[in-house]
Amino acid sequence: MILVTGGAGFIGANFVLDWLAQSDEPVINLDKLTYAGNLNNLASLRDDPRHIFVKGDIADSALVASLLATHQPRAVLHFAAESHVDRSIHGPAAFIETNVNGTFALLEAVRAYWSGLPEADKTAFRFLHVSTDEVYGTLGPDDAPFTETTAYAPNSPYSASKAASDHLVRAYHHTYGLPTLTTNCSNNYGPYHFPEKLIPLIITNARAGKALPVYGDGQQVRDWLYVSDHCAAIRRVLSAGRLGETYNIGGWNEMANLDVVNTLCDILDQIDPKAGGSYREQITYVADRPGHDRRYAIDARKIERELGWTPAETFETGIRKTVQWYLDHQEWVRDVQSGDYLKWVEKQYG
Ligand code: NAD
Ligand code: TYD
């Protein structure tokens, strides 16, 4: 049995679905169901006894201790986080609460559980911490991509809180010997992505006839990875990663935001054309994000060399699947765009 935190969010839900599609090992899924957590993502597992969903906070030490004692997982995979940079600018407190204090509380509960395990289980146990490339800060146009030894230089409250959590995980390995693994991944996209993030926001706004907001000059570069490739990399690190190590995960796919938005418009023009024009006409330049990192790029050679992982999807294949998924799941989109989502759109875009 494994314990996943944040498994009702975008990447966590994809991970749980992929895991149970490939294995019969049960999953306990601990998720607070914040605005970003959505049980509809896991609807296909509703009657599946291999999936045990628990609504709760990673910072609730008593709850986490009791889940660990009852279910005796062989691994904890920690996805739960506040994850949206723009929200961290408006309200950083929740990011410190969950990403820093929550991770600390989780580590303490896991350390207590792990210390009491029989020796063989103790050796086999893993704590896998899911993190981001944003901890490394920003790159210039000619800088080499981030490696695992790039110095941390987080620039947003989100990335600073994730950096802090990475440091805690590192310390728990070095100080207490907790068998940890950390992954730092680039921007994901794919099914179940909450439409406050760039790619799903553009797809859903385009189809709703709304503005497609591009921050600043739209020349900020991100390295996009299809979410199931991220999930496969995490499974690989869990099974064969070296203890205490960090692994960068990326798609070797750097793109400027404006090129991503144009690509989405062009795919929609082909598969869901609108009357009398192109979706590109809806592109609107809006004020830039404060402290906006210019470029992220991941050097993913360590995970390829040591663990043999490479992405299966290219951006061209992954982005088409993603657009089609949103066209095929309009009810999911409608459910997500609830009152809370509307309040966010009003605050962020006016
Ligand atoms: P998300 O915001 O879609 O989902 C986060 C999930 O965590 C939600 O289900 C939410 O309810 C849950 N959660 C939040 N606070 C919690 C708490 N205190 N206790 C229990 N559950 C809580 O995020 P995501 O995009 O799926 O990201 C998952 C992880 O991957 C995060 O740690 C993030 O930093 C990391 N990551 C994300 C990306 C990306 O492109 N989205 C890239 C690299 C790394
Ligand atoms: P986002 O999906 O928020 O991911 P992150 O900030 O974690 O990289 O944003 C991806 C890029 O798209 C980022 O450079 C900000 C930009 N962006 C826009 O231009 N417009 C938008 O409305 C949003 C949400 C993001």
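Residues numbered from 1 in each chain as written. Chains lettered and ligands numbered in written order. Predicted model: local features only at pLDDT ≥ 70, side-chain atom pairs only at ≥ 80, totals over all residues. Heavy atoms only, no water.

Caption draft 1: Focus on the side chain of threonine 183. Position of threonine 183 relative to the elements: it lies in strand S6 (residues 180–185). The contacts of threonine 183, once residues within four sequence positions are left out, are Leu128, His129, Val130, Ser131, Thr132, Ile234, Val237, Tyr247 and Ile249. (Helix = DSSP H or I, 4+ residues; strand = E, 2+ residues; numbered from the N terminus. Contact = heavy atoms within 4.5 Å.)

Caption draft 2: Main features of the site of ligand 1. Residues in close proximity to ligand 1 total 28 residues, the closest being Ile11, Asp31, Ser83, Tyr158 and Lys162. Here a nitrogen atom of ligand 1 and a side-chain polar atom of threonine 98 are 3.0 Å apart. Between ligand 1 and the protein, one listed contact pairs an oxygen atom with a backbone N or O atom of valine 130 at 3.4 Å. Expressed as a share of its isolated accessible area of 840 Å², the protein-covered part of ligand 1 is 97%. Listed by contribution, the elements that provide at least two residues to the shell around ligand 1 are helix H1 (10–22), strand S5 (126–132), helix H6 (157–176) and strand S7 (187–189). The dominant element in the shell around ligand 1, judged by the number of residues it contributes, is S5, at three residues. A per-class count over the shell around ligand 1 returns 12 nonpolar, 12 polar and four charged. (Near = heavy atom within 4 Å. Polar contact = N/O pair within 3.5 Å; in protein donor to acceptor, adjacent residues only side chain to side chain. Areas by Shrake-Rupley, 256 points an atom, 1.4 Å probe, with all protein chains shown as cover. Nonpolar A, V, L, I, M, F, W, Y, C, P; charged D, E, K, R; others polar.)

Caption draft 3: The arrangement of the packing of helix H4 (residues 93–115) against H6 in detail. Packing of H4 against H6 brings their axes to within 8 Å, and their N-to-C directions diverge by 15°. Between H4 and H6, the crossing angle belongs to the class labelled roughly parallel. For H4 against H6, the interelement crossing comes out right-handed. From H4, Phe95, Ile96, Asn99, Val100, Thr103, Phe104, Leu107, Glu108, Arg111 and Trp114 reach across to H6, where they touch Tyr158, Ser161, Lys162, Ala164, Ser165, Leu168, Val169, Tyr172 and Tyr176. Its residues assigned to classes, the contact of H4 with H6 shows 12 nonpolar, four polar and three charged. (Axes fitted to C-alpha atoms, helices over the stretch in contact; angles between N-to-C directions. Parallel < 35°, antiparallel > 145°, perpendicular 65-115°, else oblique. Left-handed = near helix turned anticlockwise from the far one by under 90°.)

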